[in-house]
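Residue strings, one per chain:
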Amino acid sequence: MIAPIMNNKRSSSPRIDKKIFCGVCESSCGLVATIKDDDLIKLRPDPDHPNSKGFACSKGLAFGAVRDDSDRVLHPLKRTDDGSFVAVSWEQALDEIGERLNAIIKVHGRESIGLYQGNSVAWNFGAFLNLFGMAGALKTKHLYSAASIDINGYWLVSQLLYGSNFLNPVPDIARTDFMLCIGANPVVSHGSMANIGRFRDTMLGVTARGGRVVVIDPRRSETAELFEHLPIRPNGDAWLLAAMLKVIFDEGLADLAALQRQTSGSEIITDLLAPVSLAQASDAAGIPVADIQQLARDFAAAPSACAYGRCGMSIGPFATLSKYLLDVLNIATGNLDREGGWCFARPFIDLEALMHQLKSTGYDRWRTRVDGFPEVAGTAPVVSIPREITTPGKGQLRAMMVIGANPATSSPAAGELRDAFKQLDLLISQDIYITETSRMADYILPPTTWLEREGFPIFTQSHSGVPHAQWVGPTLKARGDVRDDAWIMDEISKRIGIVPADFPGAQLLGKLGLRPSPSFLMDVGLRTGPEGDWFGLRPSGLSRKKLLNNDGAIKLANGLPTGVLNKRMFTKDKKVNLDHAVFRTEMARLLASSFAQDENYPLSLISQRELRSQNTWLHNISKLVVADRVQRLRIHPTDAARYGIEEGDPVEISSPYGQIRVPEARISDEMMPGSLALPHGWGHEGGWQRAVAVGGAGYNQLTTNRADSADLPSGNATVNGISVRIRSLRDVVEMAS
Ligand code: SF4
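Just so you know, these numbers come straight off a predicted model, no measurement behind them.

## Things to note about the overall build of the chain
Looking only at helices and strands, the chain features 28 helices and 30 strands. Whereas a compact globule of 737 residues would reach a radius of gyration of roughly 27 Å, the chain reaches 25 Å, a difference of no more than 12%. Projected onto the principal axes, the alpha-carbon positions of the chain cover approximately 75 × 65 × 65 Å. Every one of the 737 residues in the chain was classed for burial, and the buried ones make up 63%.

Okay, here's the thing in structure tokens:
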């Protein structure tokens, strides 16, 4: 509902306020947009939003500048023979793309077409449905997701333990007595895989009511500054978690009744822990044995506790095992599905059930062609893309559609990916900017932003600390000649003779001229789901129309539900299935791994999220990126002294895979000795001028996409704990000047 709030004397059109939600990050904060004549006057936090409760960060509040950015691509662009772009009509772009795709399909088959999904798709239900639908209709195994850079292990563990990739427990921080926060910095990131409104305040609430928050991180991050901090060596998380569990089981602190009641296959835990040595784990994690023991005892003894882990533990070589052990820690201490513990959220559209019914969830139903990675949720890992492009044979990747992503910067071994992209027969990018990726494309097809399209938080509704429902129409008219991602995919699909949908009968319906829209499908899912109105049979229930007409979000409950385990499980026995061979293999691999630092590359580099940055984007607007912004490498004073680095020095970082130059060193005891931190997502090229001008170095010039360096069960890239060496470039710069 739109409420007029005032009249402008110079114009008869009123300003109107509209309650929406932010589509930048996983917080999905409620916003109020003030609009006049289709101009966005301002965005402000929605004080009435049930989850975010009046919070919004600078990124969301500044997003109008992205929508109005003069560097934004506003018309379809086609690459010319000299490499420049010319504007073309949608009809021309789509027809030519259709012709070229059909020619590729004719020779190489539909399985030669690839799709790449960026994070923005997670806030765009139409794109999400059409992307998976296109991949299903094409029967291609080349569906790649940015999730395989940071979170595939989550999907895998959820599939095996709970029966669905998309059923992910979230920490009940609002009611917990003890929060263990591993490798996450929610004060800066605002949370991931946990849609906790006012994340920082909610964590502060734990200590305010006498509880504890312990942050495990190689860096005394902005979150660690506020709470207890236990430094850990990069990629030491699996060791720490295994050692904590060892203490809990050896000392009889496990909740065996809960294990008996909620799980099957719990015998695996003692099998896995038997060979774990606390001394070895302590060495690997860099945490004294006594500290591990005390942490384990305190966690187990807390009236309620939740262990939450994110990027620091999900982008290393043992990401899957780390996530598994994290869940086991929550489960074995009796904290699953109880207040203050590890809980299942209450989405207003039961996406988990819908995906399960459509058989869209799974693990290891097929393997990738070149590297033999198991699929995760129907996707293949990003690390394999270059080899899938360059390795001849049936199923070779020949054409790629990249939707809302910048893998030429965000993926490991980014330079190798760029080289491989040049070998494609066709590269299509759906992007609002000319980025490092889209500048290589044959066609750039500009999509709407989340301010210009209908939306509901399809992804984050499944992780929301305060269950709520919200569905909004477009806030503003689309600028220029941009179109919704879903429309673009549907138009391309039409031209290659498919319907971008993977439900039974979808292709047949397409032959009859029927193409159900994503909003229709989602509305049916909502109306026939647990919160739905059953097409009038339950008048108090929800529908798309009802939500679109509602001003703001509707609160469904005060907090996370508990006691719902049996209802939420998709496993056959309705219990958490703990015993899978992959976890035994991974524990053996961990125990056999070396955690000694390579003497040629004696330091360990981790990536760092910054408050005003969102991976590789939001880098082109002055409200978020000031002109004199500098990318800084953080280094401990001991390491700085050892390697001759002074504050402000330009620094060269070398890994076995590449070399970059970082503008400045920042010497700080926030770092654990032996580890370095560098903001990622920088070092831009292309047509987004401010992003290019601020410079910086590309973190992923130092990483590798080698299959054996990834998290093997999930194929997730290892982009944390990179072995590097450094040297000051102070003298080089002085000589040059
Ligand atoms: S925290 Fe995330 S969702 Fe909230 S306003 Fe900021 S960017 Fe948007």
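## Quick word on empty space enclosed by the protein
Applying the stated criterion across every chain yields a total of 4 cavities of 30 Å³ or more. Its boundaries defined by the atoms lining it, the second largest cavity holds a volume of some 90 Å³. Taken together, I20, F21, W123, W450, R453, E454, G455, V472, G473 and T475 make up the lining of the second largest cavity. Its residues assigned to classes, the lining of the second largest cavity comprises 5 nonpolar, 3 polar and 2 charged.

## Concerning the site of the ligand
Taken together, C22, V24, C25, S27, S28, C29, F55, A56, C57, K59, G60 and H190 make up the full set of residues near the ligand. Looking at the shell around the ligand residue by residue, the classes come out as 7 nonpolar, 4 polar and 1 charged.

## Looking at the UniProt feature "domain: 4Fe-4S Mo/W bis-MGD-type" (unreviewed entry) in the chain
UniProt records the feature "domain: 4Fe-4S Mo/W bis-MGD-type" (unreviewed entry) for residues 14-71 in the present numbering. Between the C-alpha atoms that bound residues 14-71 the distance is 30 Å, and the span itself is 16% helix and 38% strand.

## What to know about the pairing of strand β25 (residues 632-635)
For β25 and strand β28 (residues 664-667), the ladder comprises 4 bridges, and the chain directions are parallel. Note on β28: the bridge partner recorded for R632 is E664. Both β25 and strand β29 (residues 675-679) contribute to a ladder of 2 bridges, which runs antiparallel. Looking at the pairing, I635 lines up with L676 of β29.

## Comments concerning the layout of surface pockets
Taken as a whole, the largest pocket encloses approximately 1200 Å³ of empty space. As for the largest pocket, its lining consists of 50 residues, of which L129, F132, G133, A501 and D502 are closest to the centre. At the level of elements, α4 (125-138), α16 (351-357), β16 (363-367), α20 (485-495) and α22 (518-527) are the ones that each hand at least two residues to the lining of the largest pocket. Here the residues of the lining of the largest pocket are counted per class, giving 25 nonpolar, 14 polar and 11 charged. Approximately 810 Å³ is the volume found for the second largest pocket. If you trace the second largest pocket, you find 35 residues lining it, with N235, P317, S594, G721 and S723 closest to the centre. Within the residue set of the lining of the second largest pocket, elements represented by two or more residues are α25 (581-592) and β30 (722-728). A class-by-class count of the residues in the lining of the second largest pocket yields 16 nonpolar, 14 polar and 5 charged.

## What about the packing of helix α9 (residues 237-250) against helix α12 (residues 278-285)?
Two numbers describe how α9 lies on α12: the axes approach to 9 Å, and their chain directions differ by 150 degrees. Comparing the axis directions of α9 and α12 gives the class roughly antiparallel. Handedness of the α9/α12 crossing: left-handed. Along its contact with α9, which presents W239, L240, A243, K246 and V247, the element α12 presents L278, Q280, A281, A284 and A285. Within the contact of α9 with α12, the residues separate by chemical class into 8 nonpolar, 1 polar and 1 charged.

## Considerations on the pattern of salt bridges
Under the counting rule described, the total for this entry stands at 56 salt bridges. The shortest N-O distance in the salt bridge between K394 and E111 comes to 2.8 Å. On the criterion of sequence distance, the pair formed by K394 in the loop between α17 (385-390) and β18 (399-403) and E111 in the loop between α3 (90-108) and β7 (113-117) is long-range, its members being 283 residues apart. Across the pair E664 and R632 runs a salt bridge whose closest N-O atoms are separated by 3.1 Å. Taken together, the residues span a long stretch of sequence, with E664 in strand β28 and R632 in strand β25 at a distance of 32 residues. Of the residues examined, E664 reaches a relative accessible area of 24% and is grouped as partly exposed. Taken together, the shared-partner salt bridges in this structure form one network comprising D95, D490, E491, K494, R495 and R515.

## Overview of the packing of aromatic side chains
Summed over all chains, the structure comprises 16 aromatic pairs. When the centroid spacing of 5.1 Å and the interplanar angle of 45 degrees are considered together, the rings of F128 and F132 count as tilted. Placement of the pair is F128 and F132 together in helix α4, with a separation of 4 residues, close to one helical turn. Taken as a pair, F128 and F132 share a single burial class, namely buried. Taken together, the aromatic side chains of F125, F348, F456 and W471 make up a single cluster linked through ring pairs. K323 extends its terminal NZ or CZ atom over the ring of Y154, reaching a point 4.4 Å from the ring centre.

## Re the packing of α9 against helix α15 (residues 319-332)
At their nearest, the axes of α9 and α15 sit 9 Å apart, and the two run at 25 degrees to each other. If you check the angle between α9 and α15, you find them roughly parallel. The way α9 lies across α15 gives a crossing that is left-handed. Of the residues in α15, those in contact with D237, A238, L241, A242, M244, L245, I248 and F249 of α9 are L321, S322, L325, L326, V328, L329 and A332. In terms of residue class, the contact of α9 with α15 is made up of 13 nonpolar, 1 polar and 1 charged.

## Quick word on the nonpolar core
Within soluble globular proteins, side chains that are nonpolar tend to cluster in buried spots. Core analysis: the biggest nonpolar cluster contains 126 residues, and L161, L180, Y324, F348 and L578 have the highest contact counts within it. Top contributing element to this core by residue count: α9, with 11 residues. The two domains that each donate at least three residues to this core are domain 2 (77-150 + 350-455 + 468-536) and domain 3 (172-347 + 577-587). Those residues in contact with F348 that sit more than four places away from it in its chain are F456, P457, Q461, H468, A469, Q470, W471, L526, E531, L542, L547 and L556. One finds V24, I35, L40 and L451 within the second-largest nonpolar core, a separate group that totals 30 residues.

## Side note on the sheet that holds strand β14 (residues 305-309)
The 4 strands are arranged β12-β11-β10-β14 in an open sheet whose pairing can be described as parallel. The sheet is open, and its two edges are formed by β12 (228-230) and β14, each paired on a single side. Each strand of the sheet is rotated relative to its neighbour by a mean of 20 degrees, with strand direction disregarded. Of the pairings in the sheet, the one linking strand β11 (residues 212-216) to β12 comprises 3 bridges and is parallel in character. Looking at the pairing, I216 lines up with L230 of β12. On top of the sheet, helix α8 (residues 199-208) reaches β10 (178-182), β11 and β14; it is set at about 125 degrees to β11, its chief contact.

Procedures and definitions
- Residues numbered from 1 in each chain as written.
- Predicted model: local features only at pLDDT ≥ 70, side-chain atom pairs only at ≥ 80, totals over all residues.
- Heavy atoms only, no water.
- Helix = DSSP H or I, 4+ residues; strand = E, 2+ residues; numbered from the N terminus.
- Rg over C-alpha atoms; globule rule 2.2 N^0.38 Å.
- Buried < 20%, exposed > 50% of the residue type's maximum accessible area, 1.4 Å probe, protein only.
- 1 Å grid on protein atoms, 1.4 Å probe; cavity = no way out; pocket = protein on both sides within 12 Å on 5 of 7 lines; lining within 4 Å.
- Points joined across faces, edges and corners; volume = space filled by probe spheres on them.
- Nonpolar A, V, L, I, M, F, W, Y, C, P; charged D, E, K, R; others polar.
- Near = heavy atom within 4 Å.
- UniProt positions renumbered as here; feature names shortened; annotations may be inferred.
- Pairing = 2+ DSSP bridges.
- Axes fitted to C-alpha atoms, helices over the stretch in contact; angles between N-to-C directions.
- Parallel < 35°, antiparallel > 145°, perpendicular 65-115°, else oblique.
- Left-handed = near helix turned anticlockwise from the far one by under 90°.
- Contact = heavy atoms within 4.5 Å.
- Salt bridge = Lys/Arg side-chain N within 4 Å of Asp/Glu carboxyl O.
- Phe/Tyr/Trp six-rings, centres within 6.5 Å; stacked < 30°, edge-to-face > 60°.
- Lys NZ or Arg CZ within 6 Å of the ring centre and 35° of its normal.
- Core = buried A, V, L, I, M, F, W, Y, C linked by side-chain atoms within 4.5 Å.
- Domains from an automatic or database assignment.

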